[in-house]
Amino acid sequence: MEDADWKVKEYGEKKERGLSGADWTMEKTGTRKKENRIYLFLFLLVWCIQMLTAVYFCCQKQGFHEDEYYTYYSTARTYGLMIEDGAWMEREAYFDEFVVLEGEGFQYGLVRLVQSWDVHPPVYYWLFHTVCSFFPGQFSKWFGLGINLAAFGLSMFLLRCLSLKVTGHNEKLSLFVCFFYGFTPAAMSSVVFIRMYALLTVFVYLCAILHVSVIENDRILVKQQFEGECKEGRDSQTGKLSFGKFLLPLMAVTYLGFLTQYYYFIFWFFMAFAFCVYLLWRDRNLWNCIRYGISQAIAFVLAYLTYPSCLGQMFRGQRGAQATSNFFDFSNTLTRISFFWELLDEYVFGKTLLLLLVLLIIAAVFAGFTVRKRKKYNAAYGLLFFAVTGYFLAVSKTALLLGNTSVRYQTPIYGIVVLLLFGAIWGGWNCCCELRGDKKNCIGEKIVLAAAILYMLAGLAGLFSGRVVFLYPEAAERVSFAREKAAAGVPVVCLYDAGQSWCVWDCADEFFEYDRIYFASQNDTEPILDAVIADSGELIVYLSNTAEKQEQLERIRNSNPNLTAYELRYQEKYCDVYYFHE
């Protein structure tokens, strides 16, 4: 309900009960404070349960995505993982490239240099390197998961803050939004994926909150003017943007967000465009837009000075060139949008998004009549809708299509999508009640409550039915097998693709178990001339999946004629693992 609606309703109640203005204000203020405390307690209760759920799935994580290994490798490398063809590599030489060694901590310059060779900015890696620096010589999933848990917990508070601002401090709706989204497989997947996307979500929410706060302050100003209580020092004509409360904090958020993940720029771009349109519509004052643009330009210049490689990575690097090509390839547009729409439907709404959209369309039809009749608009809602839609479409056009693991690219806006959808249904159905003159029995909140409970149950079913990505439960058995063979002293050979030697870190958790590993290029077909391999009664072979498998398997048998039998133990993303024996 808008402020003007509350004003009319409160005036009628006050007159009916014969209360003075002061008594009425004190009573309403006390009631609202009590209700706010109740809703805050409920939110904290839900938040604690969500955090415990997140910790549970962190404990369930058994393996790593190759990008997660790169997180460790690129923030802790010592000399670089140099694979020598036809030579043994000791465990320490391999393991040391994934951990920060004693005396090598807090080397932020090296971290920045390594990232400049890749495709990502350095802020997340600096944070990850800082955590690892406090635990020299150790490798643990909890270094990355701890960062993600903190980011997730903070992002849920930020989502509540954003929801309150967009909905006019509607505590019920804000609770429903957080209640639902925090239990989705998408949210939990972002926690257990040891990359920068959970942190990016924090900066996306902060960016949204700062922009929406300006609109909220304008709404408060209008109310104060209506009540004759306009605060001194506020220029009600120009609505000058505050430097200390808006421009400076936004500069900091933009600086850190951009240097966390370049997708922040996409969200900011659409948000900035819509915000400047709002400023021009509000007071026709171009100077506000200029001040806003200058402050943001300064933030981006500082980001460039901090990390000059950013522009090359965005537009000319491997991923930058690929993203640009995908963006301008219009033939794949519908396929890509459909792909990411299905991820949103499955990992946020449990494949029931269509039902919500039907409710929304029905509500929108009635809401349209009310908007035209009473000229009520929610500028904050429009701002977020434009930014989220732009982000979704742009990322859908440029991101990698990697199956369910691509859910990470859209995660930063999923919580806002839930807010917009639930808010639209709530407001639309309440408009239906207004049209039929029944304001006391509005069904909007009942529908949203029912939807939140229904979809939370669907989300919980998804959580515990395998929809949380990046857990890799199969890795536990593989590591156990490696540990068993390592204890028995079985030699290990890795036949790698020389053109993709980086793939050898995809088996890092297994390689950590062995004392040493013999690396040989698959480009060679001659028998391996090594006494340990030639005399062994057992052998573990990691064979690149790009190799001529039968040819390389015969190569191993020719290297040790005693190994007359072999079997495929399991297949990994970049290699197959064979067990040779007599």
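See the structure printed just above.
A short tour of the structure in this document, coming up. Note that the structure is a prediction, hence the values are computed from the model and not measured. Here the residue index of a chain counts from 1 through its sequence in written order. For this predicted model, a pLDDT threshold of at least 70 governs which residues receive local features, and a threshold of 80 or more governs which side-chain atom pairs are given and counted, while totals over whole chains, interfaces and linings are taken from all residues. For side-chain calculations, the full set of non-hydrogen atoms in the structure is used, while hydrogens and water are omitted.

## Things to note about the overall build of the chain
Okay, so step 1: Under the scheme used here, helices are H or I runs from DSSP no shorter than 4 residues and strands are E runs no shorter than 2 residues, and both carry numbers assigned from the N terminus. Of the regular secondary structure elements, the chain holds 24 helices and 6 strands.
Okay, so step 2: Taken over 582 residues, the chain has a buried fraction of 53%.
Okay, so step 3: The contacts of the chain with a sequence gap of at least 6 include a subset with a gap of at least 24, amounting to 79%. Exposed residues in this analysis have more than 50% of their type's maximum accessible area, buried residues have under 20%, and partly exposed residues fall in between, with area computed by a 1.4 Å probe over protein chains only. Contacts are assigned to residue pairs with any non-hydrogen atoms lying within 4.5 Å of each other.

## Regarding the environment of tryptophan 502
Okay, so step 1: Topologically, tryptophan 502 is positioned in the loop between strand 2 (492-496) and helix 22 (508-511).
Okay, so step 2: When its relative accessible area of 35% is taken as the criterion, tryptophan 502 is described as partly exposed.
Okay, so step 3: Placed 432 residues apart in sequence, tryptophan 502 and tyrosine 70 show a C-alpha to C-alpha distance of 9.4 Å.

## Quick word on the pattern of salt bridges
Okay, so step 1: The term salt bridge refers to a pairing of a side-chain nitrogen on Lys or Arg with a carboxyl oxygen on Asp or Glu at a separation within 4 Å. Counting across every chain of the model gives 13 salt bridges.
Okay, so step 2: With its nearest N and O atoms 3.9 Å apart, the salt bridge here joins glutamate 572 to arginine 478. Note that glutamate 572 is positioned in the loop between strand 5 (565-571) and strand 6 (575-581) and arginine 478 in helix 21 (residues 475-487), a separation of 94 residues in sequence. Take glutamate 572 and arginine 478: they sit in the same class, and that class is buried.

## A few points about the packing of aromatic side chains
Okay, so step 1: Stacked, tilted and edge-to-face are the three classes applied to pairs of Phe, Tyr and Trp rings, where Trp contributes its six-membered ring and a pair requires centres within 6.5 Å; stacked means planes under 30 degrees apart, edge-to-face means over 60, and tilted covers the rest. With the rule as written, the count across this model stands at 62 aromatic pairs.
Okay, so step 2: Ring geometry for phenylalanine 135 versus phenylalanine 143: centroids 5.1 Å apart, planes at 20 degrees, classification stacked.
Okay, so step 3: According to the relative accessible area criterion, phenylalanine 135 is partly exposed, its value standing at 35%.
Okay, so step 4: Residue classification places phenylalanine 143 among the buried residues on the basis of a relative accessible area of 7%.
Okay, so step 5: With a centroid separation of 4.0 Å and 20 degrees between ring planes, the pair formed by phenylalanine 193 and phenylalanine 470 is classed as stacked. With phenylalanine 193 in the loop between helix 9 (185-192) and helix 10 (197-227) and phenylalanine 470 in the loop between helix 20 (444-463) and helix 21, this pair connects stretches of sequence that are 277 residues apart.
Okay, so step 6: In this structure phenylalanine 470 comes out as buried when scored by relative accessible area, which is 3%.
Okay, so step 7: For arginine 160, the ring lying beneath its charged end belongs to phenylalanine 43, and the centroid distance is 5.3 Å. Charges are assigned to positions over rings by a cutoff of 6 Å between ring centre and Lys NZ or Arg CZ, combined with an angular limit of 35 degrees from the ring normal.

## Regarding the packing of helix 12 (residues 263-283) against helix 18 (residues 379-398)
The relative placement of two packed helices is expressed as an angle between their axes plus a distance between the axes.
Okay, so step 1: Orientation of helix 12 relative to helix 18, taken along the N-to-C sense of each, is 145 degrees, at an axis distance of 8 Å. Considering only the axes of helix 12 and helix 18, their crossing is right-handed. On helix 18, the residues touching Tyr263, Ile266, Phe267, Phe270, Met271, Phe273, Ala274, Phe275 and Tyr278 of helix 12 are Ala379, Leu383, Leu384, Phe386, Ala387, Val388, Gly390, Tyr391, Ala394, Val395 and Thr398. Axis lines are fitted through C-alpha atoms, for helices just across the contact stretch, and the angle between N-to-C directions can take any value from 0 to 180 degrees. Should the near helix be turned anticlockwise from the far one by less than a right angle, the crossing is termed left-handed; should it be turned clockwise, right-handed.

## A word on unusual backbone geometry
Trans peptide bonds make up most of the peptide bonds, and negative phi angles are found at most residues other than glycine.
Okay, so step 1: Within the chain, phenylalanine 106 stands out as a residue other than glycine whose phi angle is a positive 60 degrees.
Okay, so step 2: Phenylalanine 106 gets classed as partly exposed once you look at its relative accessible area, which sits at 41%.
Okay, so step 3: Unlike most non-glycine residues, arginine 284 shows phi in positive territory, near 55 degrees.
Okay, so step 4: Considering the arrangement of structural elements, one finds arginine 284 in the loop between helix 12 and helix 13 (286-306).

## Some points on the side chain of asparagine 170
Okay, so step 1: Considering the arrangement of structural elements, one finds asparagine 170 in the loop between helix 7 (141-166) and helix 8 (171-181).
Okay, so step 2: Asparagine 170 has contacts with Leu164 and Trp426, leaving out every residue within four places of it along the chain.

## A short note on the pairing of strand 1 (residues 87-90)
Looking down a regular strand, the side chains alternate between one sheet face and the other.
Okay, so step 1: Of the two faces of strand 1, only the one carrying Ala87 and Met89 is buried; Trp88 and Glu90 on the other face are not.
Okay, so step 2: When strand 1 meets strand 3 (residues 516-521), the two strands line up antiparallel, connected through 4 bridges. Note on strand 3: the bridge partner recorded for alanine 87 is phenylalanine 519. Paired strands are those between which DSSP finds at least two bridges.

## With respect to the environment of leucine 154
Okay, so step 1: Mapped onto the elements, leucine 154 comes out in helix 7.
Okay, so step 2: We classify leucine 154 as partly exposed; its relative accessible area is 44%.
Okay, so step 3: For leucine 154 and alanine 198, which are 44 residues apart along the polypeptide, the C-alpha to C-alpha distance reads 9.9 Å.

## Details of a nonpolar patch on the surface
Okay, so step 1: Judged by side-chain polarity, Leu280, Leu286, Trp287, Ile290, Ile294, Ile298, Val301, Leu302, Tyr304, Leu305, Leu311 and Phe315 come together as a nonpolar surface patch covering roughly 1100 Å² of accessible area.
Okay, so step 2: Where the nonpolar patch is concerned, the elements lending two or more residues are helix 13 and helix 14 (310-315).
Okay, so step 3: With 9 residues, the single largest contributor to the nonpolar patch is helix 13.
Okay, so step 4: Its place among the elements puts leucine 311 in helix 14.
Okay, so step 5: The class of leucine 311 is partly exposed, set by a relative accessible area of 40%. Like charges within 9 Å and nonpolar side chains (Val, Leu, Ile, Met, Phe, Trp, Tyr) within 5 Å are joined into patches, using only residues over 30% in relative accessible area that form no salt bridge. Here the Shrake-Rupley method, with its probe set to 1.4 Å, supplies the accessible areas, and only the displayed protein chains count as covering residues.

## Remarks on helix 21
Okay, so step 1: Expected span of a helix, by definition, is 1.5 Å for each gap between consecutive residues, and there is one gap fewer than residues. For helix 21, which comprises 13 residues, the first-to-last C-alpha distance of 18 Å matches the rise-based estimate of 18 Å (1.5 Å per residue) to within 8%.
Okay, so step 2: All of the buried residues along helix 21 are Ala475, Arg478, Val479, Phe481, Ala482, Lys485 and Ala486. For helix 21, the buried positions fall inside an angular range of 155 degrees around the axis, keeping them on one side. Summarising the geometry of helix 21, the exposed residues directed more than 90 degrees from the buried face are Glu477 and Ala487.
Okay, so step 3: One or two positions beyond helix 21, positive phi appears at glycine 489, with a value near 75 degrees. The arc in question is the one spanned by the directions pointing from the helix axis to the C-beta atoms.

## Some details on the nonpolar core
Okay, so step 1: Residues belong to a common nonpolar core when they are buried Ala, Val, Leu, Ile, Met, Phe, Trp, Tyr or Cys residues joined through side-chain atoms within 4.5 Å. By size, the foremost hydrophobic cluster in this structure holds 159 residues, and its most contacted members are Tyr264, Phe267, Tyr292, Phe349, Leu384, Ile416 and Tyr542.
Okay, so step 2: Of all the elements, helix 10 adds the most residues to this core, at 15 residues.
Okay, so step 3: The contact partners of tyrosine 292, leaving out residues within four places of it in the chain, are His211, Leu241, Phe246, Leu247, Leu250, Trp268, Ala272, Phe275 and Cys276.
Okay, so step 4: In this structure, Ala520, Val541, Leu553 and Leu563 belong to the second largest nonpolar core, which totals 15 residues.

## Examining helix 9
Okay, so step 1: Counting buried positions along helix 9 gives 8 out of 8 residues, so the element sits mostly inside the fold.
Okay, so step 2: Residues of helix 9 that are buried include every one of Pro185, Ala186, Ala187, Met188, Ser189, Ser190, Val191 and Val192, and no others.

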